[in-house]
Structures are given as C-alpha cells and as structure tokens.
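One letter stands for each residue in the lines below.
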Amino acid sequence: MTRFLFIYHSPTNPSVDEKPADVDMGGEMDAWMQWGARVGEQLTDFGAPLANGVTVSPDGGTAPSTREVTGYSFIEADSMDAVLEFAKNHPHLKMPGSTIEVHEVQPVPGM
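Quick caveat, the model's predicted, so the values are computed rather than measured.

**Quick word on the packing of aromatic side chains**
Point 1. Overall, the coordinates contain 7 aromatic pairs when judged by the stated rule.
Point 2. Their ring planes at 45° and their centres at 6.1 Å tell us that F6 and W35 sit as a pair that is tilted. Residue F6 is found in strand β1 (residues 2-9), and its partner W35 is found in helix α1 (residues 25-39); the two are separated by 29 residues along the sequence. Per residue, the accessibility class of F6 equals that of W35, and both read buried.
Point 3. Ring centres 6.4 Å apart and planes at 65° place the aromatic pair W35 and F46 in the edge-to-face group. Linking W35 in helix α1 with F46 in the loop between β2 (43-45) and β3 (54-56), this pair joins segments that are 11 residues apart in sequence.

**Some thoughts on the nonpolar core**
Point 1. Membership of the largest hydrophobic core comes to 14 residues, with the highest contact counts inside it found for F6, W35, I75, V83 and F86.
Point 2. For F6, the contacting residues outside a window of four places in its chain are W35, G71, Y72, S73, I75, V83, F86, A87, H90, I100, E101 and V102.

**Thoughts on unusual backbone geometry**
Point 1. One non-glycine residue, N52, adopts positive backbone phi at about 60°.
Point 2. In this fold, N52 is placed in the loop between β2 and β3.
Point 3. Judged by its relative accessible area of 74%, N52 is exposed.
Point 4. One non-glycine residue with positive phi stands out, namely N89, at about 60°.

Basis of the calculations
- Residues numbered from 1 in each chain as written.
- Predicted model: local features only at pLDDT ≥ 70, side-chain atom pairs only at ≥ 80, totals over all residues.
- Heavy atoms only, no water.
- Phe/Tyr/Trp six-rings, centres within 6.5 Å; stacked < 30°, edge-to-face > 60°.
- Helix = DSSP H or I, 4+ residues; strand = E, 2+ residues; numbered from the N terminus.
- Buried < 20%, exposed > 50% of the residue type's maximum accessible area, 1.4 Å probe, protein only.
- Core = buried A, V, L, I, M, F, W, Y, C linked by side-chain atoms within 4.5 Å.
- Contact = heavy atoms within 4.5 Å.

Fair warning: the whole summary comes from geometry, so function is off the table for now.
Have a look at this one:
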C-alpha cells in the first residue's frame, strides 16, 4: 500500500480554546470520528489541527505563514483513486472555503 498525506486548508482555524459561536463542535467532532471509522485501519495517523505557522526563508528570516494549512492526516491506500474516495464527503469540506490536498508520500531511498 502507498501512504498519502491529506493537507486540510480552511480560511481560519480557531484555537482549541476558541469555539465559534455558530458551530456545533460536538457534532463536528462526531462527523470526523465517523469519517475515521469509515477509513478504518488505513488511517495511519488521524492528525491534528495546525495553527500559527511560520515561514522560514533561506537566510534564516521568519514570518507568519500566509498559507491556510489547518491540519493533516495520513492514509494508506492502493492508489490515488482509492484514497480520493476517502476525501469525498469528508466533514472538513462542509466548512465554507475549505479544501483538502492529497499527496502521495514518496519513499526515501535507503530509509
């Protein structure tokens, strides 16, 4: 099986302590858990929310990230087509302006 990385993008990612007034967080988490159960053992790393990204330039300078990366997951599947089936109807896509990038993890020679 091949390993794939889901990168979650959304316009905002409130911290765990900040609950958006118009979002049922319990319902949101239930939807994610149901998705994870459907993927099953192929979900090798459920991932976690991401926030406060920093971009590091070649000269060592830093700046706040302008990319809207808000989380990740790792999934094993036989093919890109197979893993894309897990992305369809993903609860993340119900949030306005949200998308999911899927990348195939390439093996590193000698590792």
